[in-house]
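Topology and contacts: notes
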Amino acid sequence: MTSSEIRNSFLEFFRSKQHAIVPSAPVVPYDDLTLLFTNAGMNQFKDVFLGAGKRDYSRAADTQKCIRVSGKHNDLEEVGRDTYHHTFFEMLGNWSFGDPSEPDGIGRAGYYKKEAIEWAWELLTKVWGLPKNRLWATVYKDDHEAEQWWKTVTDIDPLHVLRFGEKDNFWEMGETGPCGPCSEIHIDRTPNGSATADMVNAGLPELMEIWNLVFIQYNRDENGKLTPLPSKHVDTGLGFERVCAVLQGKNSNYDTDVFTPIIKRISEITKQPYNGSLQSTIGNRQLEIDISMRVIADHVRTLTFAIGDGALPSNEGRGYVLRRILRRAARFGRNLGMHEPFICQLVPTLVETTSYIFPEIKEKQEHIQRVIKGEEEGFNATLDNGLKVFEEVVKKVRSSQSTVISGEDAFKLYDTFGFPLDLTQLMTAERGLKVDVERFQTLMKEQRIRSREVRNETTSHRVFLQGEGKNLKPIGFVGYEQLEVDTEITSIVNDLNGNVVGVALENTPFYAESGGQIGDRGVIAVLNNDGTLEGSVYGVVDTFKNIQHVHVLKYADSDLSVGRRVRAKVMKETRISTERNHTATHLVHEALRQVLGTHLHQHGSLVAPDHLRFDFNHFEKVAPEQLREIEEIVNAKIVEGIQVVALNDAKDWLTIDEAKKRWPNVKMFFGEKYGERVRVVEVDPSFSVELCGGTHVKNTADIGYFKFRTEGSVAAGIRRIEAVTSERALELLKDRERTLNERIEYAFGQNEEVAALGRELGSSIAAAKNFQRRIETIQQLGKVAERVSSELDSFFAQQHSRDHQLESLILEITDTKKTLEKELSKARVKSAAGSIDAIVASATTANGVKLASAKVSAATMDELKTLGDTLRAKLGSGVGLLSAVIDD
Ligand code: SER
């Protein structure tokens, strides 16, 4: 079976058991402050488990994108070194919400341990045909019920059902939140099926956990206390990549079709072979290559899906986790000889193989690649230098016989070369060394304090408000229509020190921060028994959603208690200003798309009373003329006075499909988690329709006027505009006008030269026109001159080439002449040599010395000398005299 067939058969199986098949939530949990990334399929149902939310269905199944790199569930260290842990993975899951005796609106009741166990067994052994003798089940030590179901509703070998304690069989999503005992299914992957009980939960790849059935019963609060939940639920999670390996008969997840295309691509790009090796003696090059490829194949999935769901690498929180992952991958890339950005080049392969199930990565592909490339470039610039420094540090540590890298050195690598601590730790561990983490953390803390002092930043009160309150009740938000309501306190929210810092209410007109719109401010006044307003009045400084709407109070006292009647009143002015900015945000979103292109998507926004901020993907600065055009479009819509249609009554809300059908142009914020039914806000059906929970003006004319304040960049490929509306826009215009006038006055008043110039310019328009005509004439003349000059140029060029030809002809003639002269001289010498014999023969003798003399014909001294040489040779001992007439 291919991986997509496996995924489908899981979903189809649970569809046949009356489960609603729901989409994966984004991997970035925008509405849960306790999580950086979605770490389990159940995250999107947290509110249902806690009794604070409801769905139309009581059974659901899906495949959920998960990232486990921080917090309670963190698999980072194992990735690449083994074959079955990942930072990003898909979790197939099935859920049951609530009481089995109460059917949902569609007539299906929830279920519990029996069905969860029975169906898991049926899918694994009957549908997928896994050998029963290779399956093992574990149960929580006290969970006799689950143990009994295993032994009665399945035909598992009873000796394969084992009890474990809290560490292995009590599942929790994080430090706080829904949790409960669980029952896990493990598979024996030894070659001959010879696993033994002691191998279960021993962290061995030969006996791997594949499916976790959690029976959610409790909520853990921030003090660690477990409170039973109103109902019991089922939450199961089956590791998709693991089950693919099992069903495709592979030992490694990286050998399944989920990973092979990516590994193949890494291999092509890096020109290195992948061998799949897992163990070796230290220093084996192939093992290093294989681990590096696995790490990179894993990390690129995390980066792609997280960025696709709206996260961006940055220096804090979620963004820093991504940055760490990318830097780790880049450093493993060095092991493969990669010095240029290459991780970004793997994204298309992932899009090709995965976007049929997660289309968001196709839609955002260009953005994802640009962000990754930008990050790679940034880090590559310092990575080599950092690696050199690291090597020096290692040498220093070794030569001092130590095994610990100082906190200072690790901090320097972090601060100057961008090495996240875990990267330094990883490289240090590869050398058998350690980092002084404590000292590093102290230095980090000091730096944070320093930079906070610089920015004069205060810690947000939210840090202390991560709990769920006590009395969990669904939120009754009435604030679309009402700004004031008499209601009752349902929860008291404490900070970590136990101080009362906020309350939750039965009904509330306070909008809680979401979708970028800030939480409402206002007052909560305690009412007397007769409903009169005699009690204390508390200022609400913020409202945010954490299951309930938490109203943060400036000060709280003992007359706040669960059940107290209060009057909750939102500050109208702030709310109205915020609404102007919210509707303006919708208008500017559409205007930006019309002017800059439909590639543009929202990447986050802030809607506050005094301004709005909107981030979007675009790869260049927005030009001033474009900004003007966008402003004009927005202001035209304001002047049109369009009625804003918002579905305020929750009964009118639609499913996403219904909304898409009615408004094919409806905008959704990618990465936003929408509920079953969505609220739609429409400003001219052909202009702006958005899924949005925020509050808006009734008519666009209420916005008054719209003006950009700033435009800039926030990250690679992400631009940010800030704008103001209404009186703030007028203030901005007045401010600008004032500044402009001041500058003009300054220039003209303070500088005599500029003033004179101004006067001259102002009074000489005619002269300027005259001047313009003269310039035109000169330009005409210039053109004629140019033509003449170019003709002259070609004439000279021809002339030049003729001279050149002549020169070479002369050279040729001279050469020939020289050759001929040489030939002639040779011929002459040859013929004169014949007469030398006669001269020798006619030699006379005087006193025993031979004497020969003659006049010969020679044209040059050289010829005469040659004849002289011949005579000397032929005469032997004697005196010879030759004469010739040369050149007369
Ligand atoms: N929440 C459980 C897990 O993540 C089962 O889905 O393992």
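These numbers come from a predicted model, not from an experiment.

1. Structural notes on the overall build of the chain
Within the chain, the regular secondary structure consists of 22 helices and 33 strands. Against the 2.2 N^0.38 benchmark of 29 Å for 888 residues, the chain shows a C-alpha radius of gyration of 44 Å, more extended than a compact globule. Taken along the three principal axes of its C-alpha coordinates, the chain extends 170 × 95 × 60 Å. When contacts within the chain are restricted to residue pairs at least 6 apart in sequence, long-range pairs at least 24 apart make up 68% of them. As displayed, the chain has an accessible area near 43700 Å², and 51% of this comes from carbon and sulfur atoms.

2. With respect to the site of the ligand
Residues in close proximity to the ligand include Ala40, Met42, Arg68, Met91, Trp171, Asn212, Val214, Asp235, Thr236 and Gly237, which together make up its full environment. Measuring from an oxygen atom of the ligand, one finds a side-chain N or O atom of Arg68 at 2.9 Å. One nitrogen or oxygen atom from the side chain of Trp171 is found 3.4 Å from an oxygen atom belonging to the ligand. Contact with the protein chains covers 97% of the free accessible surface of the ligand, which is 230 Å². Elements with a minimum of two residues in the shell around the ligand: strand S10 (207-220) and strand S11 (226-239).

3. What about the environment of Gly129?
Its place among the elements puts Gly129 in the loop between helix H3 (113-127) and strand S6 (135-140). Gly129 sits in the partly exposed class, given a relative accessible area of 49%. For the pair formed by Gly129 and Leu247, sequence separation is 118 residues and the distance between their alpha carbons is 9.0 Å.

4. Looking at the sheet that holds strand S28 (residues 688-691)
Spatially, S24-S27-S28 is the arrangement adopted by the three strands of the open sheet, whose pairing is antiparallel. Bordering the open sheet on either side are strand S24 (644-646) and S28, each of which pairs with just one other strand. Sheet twist, expressed as the mean angle between neighbouring strand axes with direction ignored, is 10°. By the bridge criterion, four bridges tie strand S27 (residues 680-683) to S28 in an arrangement that is antiparallel.

5. Description of unusual backbone geometry
Phi is positive for Asn201, close to 60°, though the residue is something other than glycine. Looking at where Asn201 falls in the secondary structure, it is placed in the loop between strand S9 (177-188) and S10. Residue classification places Asn201 among the partly exposed positions, given a relative accessible area of 22%. Of note in this structure, Ser726 is not a glycine but carries a positive phi near 50°.

6. Observations concerning the packing of helix H8 (residues 285-308) against helix H10 (residues 347-354)
At a minimum axis distance of 10 Å, the contact between H8 and H10 shows a crossing angle of 75°. Relative to H10, the element H8 is oriented roughly perpendicular. Across from Val300, Arg301, Thr304 and Phe305 in H8, the residues of H10 making contact are Val347, Leu350 and Thr354.

7. Examining the environment of Glu222
When you line up the elements, Glu222 lands in the loop between S10 and S11. Each C-alpha atom of the pair Glu222 and Glu175 lies 7.3 Å from the other, and the pair is 47 residues apart in sequence.

8. What to know about the nonpolar core
Counting residues in each nonpolar core, the largest one holds 105 residues, and the members touching the most others are Phe10, Trp128, Trp150, Ile210, Trp211, Ile372 and Phe419. The biggest single contributor to this core is H8, with twelve residues. Ignoring anything within four residues of it in the chain, the contact list for Ile372 reads Leu303, Thr304, Ile307, Leu326, Ile343, Cys344 and Val347. With 29 residues, the next largest nonpolar core counts Leu587, Val588, Ile633 and Val683 among its residues.

9. Digging into a nonpolar patch on the surface
Together, Leu806, Leu809, Ile810 and Ile813 give the surface a local cluster of nonpolar side chains, amounting to about 400 Å² of exposed area. Relative to the helices and strands, Ile810 is located in helix H21 (residues 765-841).

10. Some words on the pairing of strand S32 (residues 849-855)
Pairing of strand S31 (residues 844-846) with S32 involves three bridges; the strand directions are antiparallel. Across the sheet, residue Thr844 finds its bridge partner in S32, namely Leu851. Where S31 folds back on S32, the antiparallel hairpin that results is connected by two residues, among which Asn847 adopts a positive phi of roughly 55°. Both S32 and strand S33 (residues 879-883) contribute to a ladder of five bridges, which runs parallel. Counterpart to Ser853 in the pairing with S33 is Leu881.

11. Observations concerning the packing of helix H7 (residues 260-270) against H10
Running from N to C, H7 and H10 cross one another at 160°; their axes reach a closest spacing of 9 Å. Here H10 runs roughly antiparallel to H7, going by the angle between their axes. Crossing handedness for the pair H7 and H10: right-handed. Contact residues: H7 offers Pro261, Ile262 and Arg265, while H10 offers Thr349, Leu350 and Thr353. Looking at the contact of H7 with H10 residue by residue, the class counts come to three nonpolar, two polar and one charged.

12. Quick word on the sheet that holds S32
Strand order in the open sheet made by the three strands is S31-S32-S33, with mixed pairing throughout. Each end of this open sheet is capped by a strand with a single partner; those strands are S31 and S33. Across the sheet, the mean angle from the axis of one strand to that of its neighbour is 25°, orientation sign disregarded. The strands that helix H22 (residues 861-875) touches are S32 and S33; relative to S33, the one it contacts most, it runs at about 155°.

Definitions and limits used
- Residues numbered from 1 in each chain as written.
- Predicted model: local features only at pLDDT ≥ 70, side-chain atom pairs only at ≥ 80, totals over all residues.
- Heavy atoms only, no water.
- Helix = DSSP H or I, 4+ residues; strand = E, 2+ residues; numbered from the N terminus.
- Rg over C-alpha atoms; globule rule 2.2 N^0.38 Å.
- Contact = heavy atoms within 4.5 Å.
- Areas by Shrake-Rupley, 256 points an atom, 1.4 Å probe, with all protein chains shown as cover.
- Near = heavy atom within 4 Å.
- Polar contact = N/O pair within 3.5 Å; in protein donor to acceptor, adjacent residues only side chain to side chain.
- Buried < 20%, exposed > 50% of the residue type's maximum accessible area, 1.4 Å probe, protein only.
- Pairing = 2+ DSSP bridges.
- Axes fitted to C-alpha atoms, helices over the stretch in contact; angles between N-to-C directions.
- Parallel < 35°, antiparallel > 145°, perpendicular 65-115°, else oblique.
- Core = buried A, V, L, I, M, F, W, Y, C linked by side-chain atoms within 4.5 Å.
- Patch = residues over 30% accessible without salt bridge, like charges linked within 9 Å, V, L, I, M, F, W, Y side chains within 5 Å.
- Salt bridge = Lys/Arg side-chain N within 4 Å of Asp/Glu carboxyl O.
- Left-handed = near helix turned anticlockwise from the far one by under 90°.
- Nonpolar A, V, L, I, M, F, W, Y, C, P; charged D, E, K, R; others polar.

Coordinates in, geometry out; function isn't part of it.
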